[in-house]
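Coordinates in review
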Amino acid sequence: DLLSNCCNPQGGECNNTGLAIGYVQSGKTLSFTALTALAKDNNFKIVIILAGIGNNLLNQTSIRLKEDLLADSDNSSSYKIHVNPDRETDDHKAISRSLRLTDKPLIVITVLKHYQRINKLMNTLVSDEVKKHLGQGAVLIIDDEADQASLNTLARKNSKSADWEDEKYSSTYNSLLDLRNVIPNHTYLQYTATPQGPLLISLIDLLSPDFHKILSPGKNYKGGKYFFLDNPYLIKSIPKNEAYHHKDNNLPSPPESLLEALRYFFIGCAIQIRIKKKVQLLSMMIHADNPNDANKKFKFWVERIV
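Residues numbered from 1 in each chain as written. Predicted model: local features only at pLDDT ≥ 70, side-chain atom pairs only at ≥ 80, totals over all residues. Heavy atoms only, no water.

**Here we look at the overall build of the protein chain**
For clarity, the cut-off: Helix numbers and strand numbers start at the N terminus; a helix is a DSSP run of H or I with at least 4 residues, a strand a run of E with at least 2. For every residue, the accessible area obtained with a 1.4 Å probe (protein chains only) is divided by the maximum for its type, and the residue is called buried under 20%, exposed over 50%, and partly exposed between those limits. We call two residues in contact when some of their heavy atoms are within 4.5 Å. Values of accessible area rely on a 1.4 Å probe in the Shrake-Rupley scheme; residue burial ignores everything except the protein chains shown. As used throughout, the charge tally considers Lys and Arg to be positive and Asp and Glu to be negative, leaving His and the chain termini uncounted. Where a charge lies is defined by one atom per residue type, namely NZ (Lys), CZ (Arg), CG (Asp) and CD (Glu).
Of regular secondary structure, the protein chain possesses eleven helices and seven strands. Taken over the C-alpha atoms alone, the protein chain extends approximately 65 × 60 × 40 Å along its principal axes. For the protein chain, the residues scored as buried account for 40% of the 306 residues in total. Excluding contacts between residues fewer than 6 apart, the proportion of contacts in the protein chain whose partners are at least 24 apart in sequence is 75%. Carbon and sulfur atoms provide 51% of the accessible area of the protein chain, an area that totals close to 18400 Å². In the protein chain, 37 positive and 33 negative side-chain charges are present, and the distance between their average locations comes to 6 Å.

So this is what it looks like as structure tokens:
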């Protein structure tokens, strides 16, 4: 369904935008990995994946794509994967060579969602070597976690300006527009679990979706509905006087609710890892407040408790 709405792999002028909406941790990465494989089968030439705003996410996505698509190098003639390509390191020549190969491999590019990296990718794609062999070939741009950094973060500031000619663009948003402008035949596909931003921006914005699809999770998926509606007894509310806030409730010591949560976590680890040996690792996320100082305080508390 997603691919059928994308640009024509036979060539031509196309510049459309799509939105893929999936539940949290429901298989969005697997979805765009499968979509990449389908793009290969349908003669797309390049798939660009904007793989998050941090190097840890970029590396995680790049490694997973290599494992799933290359399959221990069995598919090395079908996929050529490049991470953060840069014209200064002659990546444009390697991409050009791949475009000329007779078995027509799909070039998969993962890039950090940062304006400097996106600009380097754009400079790679506008090189004479790449432009000549890409031509009107179809390109698919996949924006993972599209609600993060991609949209114009200065839109709120612009809305307060009386003169539309004074409108300003954030660096990453501007670099994405420039990237799209140099690719004649492409689809920009946004993946997110929080689609409010892409859905509520101006309809004339280039990142406003022309089509959307809702991804169905697997049968064993357990998300918000499972925890909050079907089994509400699993949720324990933090008492108001223990809910940390850097201004309104700057707690001097670890609250009892944090200690209780950690006890549950330790017991869960003991059962699942040591006794049942079902998993090798379990993690716990503690989100106290937005400021870094608040998170540092909780980190100090937890390390001391551990």
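So that's the structure; there's more coming.
**Notes on the sheet that holds strand S4 (residues 106-111)**
Note the cut-off: Strand pairing follows a simple DSSP-based rule, namely that at least 2 bridges must link the two strands. Fitted lines through C-alpha atoms serve as axes, helices being fitted only where they are in contact, and the angles separating the N-to-C directions of these axes extend from 0 to 180 degrees.
Spatially, seven strands are ordered S3-S4-S2-S5-S6-S1-S7 in an open sheet, and the strand pairing comes out parallel. Strand pairing shows two members of the sheet lacking a second neighbour, strand S3 (79-83) and strand S7 (211-214), which therefore form its edges. With strand direction ignored, the average angle separating the axes of adjacent strands in the sheet is 20°. For S3 and S4, the ladder comprises five bridges, and the chain directions are parallel. Note that in S4 the partner of Val-83 across the bridge is Thr-110.

**Focus on a nonpolar patch on the surface**
Going by this rule: Residues enter a patch when their relative accessible area is above 30% and they make no salt bridge; the linking distance is 9 Å between like charges and 5 Å between nonpolar side chains (Val, Leu, Ile, Met, Phe, Trp, Tyr). Salt bridge, as applied in this entry: a Lys or Arg side-chain nitrogen positioned within 4 Å of an Asp or Glu carboxyl oxygen.
A surface patch of nonpolar side chains, amounting to about 650 Å² of accessible area, comprises Phe-227, Phe-228, Leu-229, Tyr-233, Leu-234 and Ile-235. Positionally, Leu-234 belongs in the loop between helix H9 (224-230) and helix H10 (256-275).

**Points about helix H2 (residues 55-70)**
Each α-helix winds once per 3.6 residues, and so residues spaced three or four apart point in a common direction. Quick reminder of the rule: To estimate how far a helix should extend, the number of its residues minus one is multiplied by 1.5 Å. Of all possible arcs, the one meant is that of the directions from the helix axis to the C-beta atoms.
When the terminal C-alpha atoms of H2 are compared, their 21 Å separation across 16 residues agrees well with the 22 Å that a helix rising 1.5 Å per residue should span. Among all positions of H2, only Leu-58, Thr-61, Ser-62, Leu-65, Leu-69 and Leu-70 are buried. The buried residues of H2 occupy an angular sector of 120° when the element is viewed end-on, so they sit on one face. In H2, those exposed residues whose orientation departs by more than 90 degrees from the buried face are Asn-56, Gln-60 and Glu-67. Tucked inside the fold, the buried residues of H2 contact helix H1 (28-41), strand S2 (46-50), S3, S4 and strand S5 (139-144). Once H2 finishes, Ala-71 follows within two positions and takes phi at roughly 50°, a positive value.

**Here's the deal with the environment of Asp-144**
Secondary-structure assignment places Asp-144 in strand S5. Residue classification places Asp-144 among the buried residues on the basis of a relative accessible area of 10%. Here Asp-144 is in contact with Phe-32, Leu-50, Gly-52, Thr-61, Lys-113 and Tyr-191, once residues within four sequence places are set aside.

**Brief notes about unusual backbone geometry**
Backbone geometry follows two general trends: most residues other than glycine have a negative phi, and most peptide bonds adopt the trans configuration. Phi is positive for Asn-43, which is not a glycine, with a value near 70°. Residue position: Asn-43 is located in the loop between H1 and S2. Positive phi, normally seen in glycine, also occurs at Glu-145, with a value near 50°. Its location among the elements puts Glu-145 in the loop between S5 and helix H6 (155-159).

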